[in-house]
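Chain by chain, the residues run as shown.
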Amino acid sequence: MGAHVLLPDAPVTDFDYQAWAIAAAHPELQPKPEDFVHLEEARSVLLERAHHANLELPAFPSVAAKILNLIESPDCDMRALIKTIRLDAVVSAQVLRVANSMAFSRGVQLTTVQDAAVRLGFKAIGNIAVAAATMSLLQEHERDIHDCFRERWSSLAVTFPRVAASARWLSKAFSRGNPEEAYLAGLMHDLGKVVALELCGEMVQDGDLAADVHPGVLERLIDDTHVELGTLLMKEWAMPWPIAFVCMKHHVPNPQAAKEHDLLHVVRIASALDAARTNPWASPALKDELLWSAQALELRLEPFVVVAEELKALH
């Protein structure tokens, strides 16, 4: 499709979205108006559960908290960071996997956490480790929801790190914001979807939501609630303000074009580009968000218009 002309070396363009194109091409697969009849009621029930039913928000992984404290400390200690990462085998393996990926690698295979730290630097290796620890939440919650919406859980597990890598790439390519902050913000800005999807699973078990709800309706329900739920999560986790700000504001219609908002605009672009290629139920509002943020960063608009038109064509 035409959108491949956009940033051909960016991670966001490196995956095949043939399945998306097939789904979008078949009207019979799209949700019908009657599928949305109970959407407002389901949204109200979900938010009622979130605010008034003693919702247990997922805990920020302890290893991620330790690493985040280290990388946010003014007295950076690389040895302490490497030691903390090494204590968790899963996080260590994920750090090496990401560090050897196309987004970070310079052609030499890295075999130890220390090699990765030397190659990538303190901030980058710390953020990758925080990302790895945070992604463990998806595996934990997938086990807890008794097979509800398992495909959507799996897609979140691959979407979050992919958007993170794309946000980092875009930040670096356009010299907008801090690439390492962009990586962490790209990873965490949609974490409210984890909470929303877990609540949807509970609603199915309690009979408040059909187990065979149309995926397009499920996506709308998640879209409508994830920012509010993500805001609760960011406060609970006491995340650094730049990351929390992106989580809370990434769907604001027209955020200000200002240097202090560059991180927000970079993540919005990375997220919209990803949705255009992988999510047949992407919100039509992403079209305007994509173009507004590209313009806010003073980027050339023509290639982004191609993607925006593809998003528009879905609806």
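Further up the page is the structure itself.
In this text the structure is predicted, and so the values were computed from the model without any measurement.

A. Just the overall build of the chain, in detail. Scanning the chain for helices and strands turns up 15 helices and zero strands. Accessible surface, the chain as shown: approximately 14,700 Å² in total, 54% of it carbon and sulfur.

B. Structural view of empty space enclosed by the protein. For the coordinates displayed, the defined rule picks out one cavity of 30 Å³ or more. Roughly 40 Å³ of internal volume is contained in the largest cavity. Along its surface, the largest cavity is lined by His189, His250, His251, Val267, Arg268, Ser271, Ala272, Leu286 and Glu289. For the lining of the largest cavity, the elements supplying multiple residues, two or more each, are α13 (262-278) and α14 (285-296). With four residues, α13 is the largest single contributor of residues to the lining of the largest cavity. Across the lining of the largest cavity, the residue classes tally to three nonpolar, four polar and two charged.

C. Expanded view of the environment of aspartate 223. As for its placement among the helices and strands, aspartate 223 is situated in helix α11 (residues 215-237). Put simply, aspartate 223 and alanine 196 are 27 residues apart on the chain and 8.8 Å apart in space, counted from C-alpha to C-alpha. In this structure aspartate 223 touches Lys193 and Ser283, once residues within four positions along its chain are discounted.

D. Spatial organisation of the pattern of salt bridges. One pass over the structure, following the stated rule, counts 12 salt bridges. A salt bridge links aspartate 208 to arginine 49; its shortest N-O distance comes to 3.0 Å. With aspartate 208 in the loop between α10 (192-205) and α11 and arginine 49 in helix α2 (residues 39-52), the pair connects residues that are 159 residues apart, well separated along the chain. When its relative accessible area of 14% is taken as the criterion, arginine 49 is described as buried.

E. Representation of the packing of aromatic side chains. The final tally for this structure, using the stated rule, is two aromatic pairs. Pairing phenylalanine 60 with tryptophan 237 gives two aromatic rings, centres 4.6 Å apart and planes at 35°, and the pair type is tilted. Of this pair, phenylalanine 60 sits in the loop between α2 and α3 (62-72) while tryptophan 237 sits in helix α11; the two residues are 177 residues apart in sequence, bridging distant segments of the chain. Across the pair, tryptophan 237 and phenylalanine 60 agree in class, each one buried. With 5.6 Å between their ring centres and 55° between their planes, tryptophan 241 and phenylalanine 245 make a pair best called tilted.

F. Spotlight on the layout of surface pockets. Roughly 980 Å³ of internal volume is contained in the largest pocket. Of all elements in the fold, only α8 (150-174), α11, α13 and α14 reach the threshold of two or more residues within the lining of the largest pocket. Among the residues forming the lining of the largest pocket, the class breakdown is 19 nonpolar, 12 polar and 11 charged.

G. Inspection of the side chain of serine 271 at higher detail. Within the fold, serine 271 resides in helix α13. Its relative accessible area of 13% is what places serine 271 among the buried residues. Contacts of serine 271, omitting those with residues within four sequence positions, involve Val163, His189 and Asp190.

Definitions and cut-offs
Residues numbered from 1 in each chain as written. Predicted model: local features only at pLDDT ≥ 70, side-chain atom pairs only at ≥ 80, totals over all residues. Heavy atoms only, no water. Helix = DSSP H or I, 4+ residues; strand = E, 2+ residues; numbered from the N terminus. Areas by Shrake-Rupley, 256 points an atom, 1.4 Å probe, with all protein chains shown as cover. 1 Å grid on protein atoms, 1.4 Å probe; cavity = no way out; pocket = protein on both sides within 12 Å on 5 of 7 lines; lining within 4 Å. Points joined across faces, edges and corners; volume = space filled by probe spheres on them. Nonpolar A, V, L, I, M, F, W, Y, C, P; charged D, E, K, R; others polar. Contact = heavy atoms within 4.5 Å. Salt bridge = Lys/Arg side-chain N within 4 Å of Asp/Glu carboxyl O. Buried < 20%, exposed > 50% of the residue type's maximum accessible area, 1.4 Å probe, protein only. Phe/Tyr/Trp six-rings, centres within 6.5 Å; stacked < 30°, edge-to-face > 60°.

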